Amino acid sequence: MNDKYAIDKEVHNNDDDDEEKHQATILDEFIPKSHSFQSFANHYGVCEEHLSRTDQFKQYLQKHYGSLSFLCCLNAFLERIPLIRCLKDYNVRKNLYGDIMAGIIVAIMHIPQGMAYGVLTTLPPVHGLYVSFYPIIVYMIFGTCPHLSIGTFAVISLMVAQAIEGVINSPLRMMNNSTEISSNQSMSLLTDEKISIATTLALLVGLIQILLFLLRLGFLSVYLTEPFISGFTSGSAIHVLTSQLPAIFGVKSPRGIQGPFKIPKFYIKLISIIIHRINWVSTAIGISSVVILYIAKYLNERFKSKIRIVLPMELILLIIGTILSHFTHLHSKYDISIVGNIKSGLPPPTLPSFNNANQLIVPAITIAAVSFSISISMAKMFSRKHGYRVSSNQELLAYGMSNVVSSFFQCYPNAGSLSRSVVQEGSGGKTLLIGGFSSIILAAVIMALTPLFRSLPMTCLAAIIIVNLKGLLFQIKDLIFYFRISLLECILWTMTFVSVVLFDVDIGLYVGICTSFIINTVRTQKPRFVTLGQVDSTEIYKNIIYFPSAHQYSHIKILRFDESLYACNALFFKRKFYELIDIHMTQPPIIPYGNNTDNHKHKSLYKYVILDCAPFNYIDTVGVKLLVDIFNDLQKRDIVFYLSECRFEIRHTFDAMKFYEKIGFHKIYVTTHDAVETARNALKNELHNNDAIAVAVDNSV
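Residues numbered from 1 in each chain as written. Predicted model: local features only at pLDDT ≥ 70, side-chain atom pairs only at ≥ 80, totals over all residues. Heavy atoms only, no water.

**A word on the side chain of K194**
Part 1 of the reasoning: On the secondary structure map, K194 appears in helix α11 (residues 187-214).
Part 2 of the reasoning: Setting aside residues up to four positions removed in sequence, K194 forms contacts with T122, L123, I164 and I168. (Helix = DSSP H or I, 4+ residues; strand = E, 2+ residues; numbered from the N terminus. Contact = heavy atoms within 4.5 Å.)

**Things to note about the nonpolar core**
Part 1 of the reasoning: Among the nonpolar cores identified, the biggest contains 116 residues, and M115, L461 and L469 are the most heavily contacted of them.
Part 2 of the reasoning: A total of twelve residues in this core trace back to one element, the largest contributor, which is helix α17 (residues 357-386).
Part 3 of the reasoning: Apart from residues lying up to four places away in sequence, M115 is in contact with H110, P125, L129, L318, I342, F453, L456 and L461.
Part 4 of the reasoning: L565, F577, Y578 and L580 belong to the second largest nonpolar core, which has 35 residues in total. (Core = buried A, V, L, I, M, F, W, Y, C linked by side-chain atoms within 4.5 Å. Buried < 20%, exposed > 50% of the residue type's maximum accessible area, 1.4 Å probe, protein only.)

**Re the environment of Q635**
Part 1 of the reasoning: Along the chain, the position of Q635 falls in helix α28 (residues 621-636).
Part 2 of the reasoning: For the pair formed by Q635 and I663, sequence separation is 28 residues and the distance between their alpha carbons is 10.0 Å.

**Comments concerning the packing of helix α12 (residues 226-249) against α17**
Packed helices, taken two at a time, are described by their axes: the angle between them and the distance between them.
Part 1 of the reasoning: The interhelical angle for the contact between α12 and α17, taken along N-to-C directions, is 115°, at an axis separation of 11 Å. Relative to α17, the crossing made by α12 is left-handed. Facing I229, F232 and T233 of α12, the residues of α17 in contact are V370, S373, I374 and S377.
Part 2 of the reasoning: For the contact of α12 with α17, the per-class residue count stands at four nonpolar, three polar and no charged. (Axes fitted to C-alpha atoms, helices over the stretch in contact; angles between N-to-C directions. Left-handed = near helix turned anticlockwise from the far one by under 90°. Nonpolar A, V, L, I, M, F, W, Y, C, P; charged D, E, K, R; others polar.)

**Points about the sheet that holds strand β6 (residues 608-612)**
Part 1 of the reasoning: What the six strands build is an open sheet, ordered β4-β3-β5-β6-β7-β8; its pairing is mixed. The open sheet has two edge strands with one neighbour each: β4 (541-543) and β8 (668-669).
Part 2 of the reasoning: On top of the sheet, helix α26 (residues 567-580) reaches β3 (529-534), β5 (556-561), β6 and β7 (640-644); it is set at about 155° to β5, its chief contact.
Part 3 of the reasoning: The strands that α28 touches are β6 and β7; relative to β7, the one it contacts most, it runs at about 145°. (Pairing = 2+ DSSP bridges.)

**Comments concerning the packing of aromatic side chains**
Two descriptors summarise a pair of aromatic rings, namely the distance from one centre to the other and the angle between the planes of the rings.
Part 1 of the reasoning: Summed over the entire model, instances satisfying the criterion amount to 24 aromatic pairs.
Part 2 of the reasoning: Aromatic side chains Y139 and Y399 sit 6.0 Å apart centroid to centroid with 10° between the ring planes, which places their arrangement in the stacked category. Of this pair, Y139 sits in helix α8 (residues 134-142) while Y399 is found in helix α18 (residues 392-407), placing the two residues 260 residues apart along the sequence.
Part 3 of the reasoning: Measuring from centroid to centroid gives 6.1 Å for F261 and F503, while their planes differ by 40°, and the two rings are tilted. In this pair, F261 sits in the loop between α12 and α13 (262-277) while F503 sits in the loop between α24 (487-502) and α25 (505-525), placing the two residues 242 residues apart along the sequence.
Part 4 of the reasoning: For F261, a relative accessible area of 43% corresponds to the partly exposed category.
Part 5 of the reasoning: For F503, a relative accessible area of 32% corresponds to the partly exposed category.
Part 6 of the reasoning: Feature note: the residues F529, F561, F572, F573, F577, Y578, F616 and F641 constitute an aromatic cluster, connected by ring pairs. (Phe/Tyr/Trp six-rings, centres within 6.5 Å; stacked < 30°, edge-to-face > 60°.)

Right, dumping it as structure tokens:
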């Protein structure tokens, strides 16, 4: 009896002493070393020298600036002037005719649109022509997209008008200038003041864009996503359409409407004014102009593949409207608003005033961001279609220089126009010289022909603006498209559009940007966390939801987190990780009910957990500490934790935080299949050891 007791005691003591030893040495004795990442790196990798931040900076300077020479600096400077390369490689026989035709056709479009959008900014129409002239020349020198038509644009013109109105109607300014305005009642002084504000705004916008270029922040345009731009421009188009309706009906625009729900309040007042004071002649001219222009644009789009030259119906409308108004005396007989006197000639260069700079900083930042995002999105669209390269940073320089230079010539901020750009592309133009040929035509018009449009009815310009809004207004259909594709993008479009329409353009911009950042944060905070299974006998592991036939091994859990691991999603990662391995971290209910208590008490069935880190682009300090905490916690639960598919950036962070010293090199594997095979071999060995112990106990008994 005593001998039997001694044998049992010896067996149990051996079990207690050797259990941890077996668990610690099982990998070293039975797992192929070639499976671990450390063995792989030692065999195939190279020893990378760990440099300090100072040494890294010196190495960067040596690499990029160690071989500086005069020719190197000269080439770097000349690369910032793409026109030089264009002239160097210009093929006269191949490109000249197409560039000339495209320049003439687009110049013809610039004339009516420039005058119309000039009026939209509350400035004289000729300033719209200035914006159609000077920025084109500057962009031709610094720009990289030959098909982008820079100049006036409806949304930017509206934002300029709101910026001017915000300065003119500011309480402090009204207090300081109340006596002067009431005594003089001079429209010319007010117009000069508006021009000064607009040119200051253009200068600030240009300086902001140049600053972004110097900081190489062109990549920020990716945050102004397509749903955001679509919702913003569609909502802005509603504002532009609303501002032109009084001119169509020949009535004065309602004044003093501010604050939320400005558009509904505006329409309520406008309907009341139209009922009592509608000008039927102006209405007839405006509506007939809209119908004619719409039909003409439809025919141009329908038969653009068959006809080489686009019918310039907008210019024809201006000419016909001016002739009819002049000979029928529409202004004097029927009280129809006309353009009035337009000064001819190009303005002399004048330094913009900085008196209102502090009030224009916020509008300038807004306009700089919107104009850049709209223009660069069109430029990249054409670059993908025609296979040339467009640089976001170089475009920032081009937009900034076009605004800065043109601000000295009484211009307001400019942007790319989709309608003109499409025509410029379809007219056969291929190089940056299109802008030069357009400028020649526009210079002739500004120098000699602008006084001829004195009798042009304002309702004709309003009709041109409204018809050109067709593309922006039809973007409302995008809501259905985004609803089908992505609910989050649909929410972004809706939030941006509704806030622009119900509040204002600037508020809508801020709401849209904030919504975009929130959506991007949500996407990274709660990404997919899936269980993987092996596809047949291959080394491929796929999501078991989409591949139900994928095989899962007992006691082994293979997981994949489809996002980088960092502070914002660390808590979600931890909670979801434990849920997937069937460990409940929440406390049991105070009053037990049903099977809820059992869910918190039972032990996890898994002995090996493998995390596929292939989707990790980066990991921060919080993520590394979380992995260490999980490793230590699972170790207490007798669960082995492996990592696989770790990229260099991830391993570099591990090394910097001494991650390997805390968990060991043998816990990281080159591929997920290597980690799975290691776990399977360990399980087989553990089962073999358990059988051996059982046999030893039976023999001893």
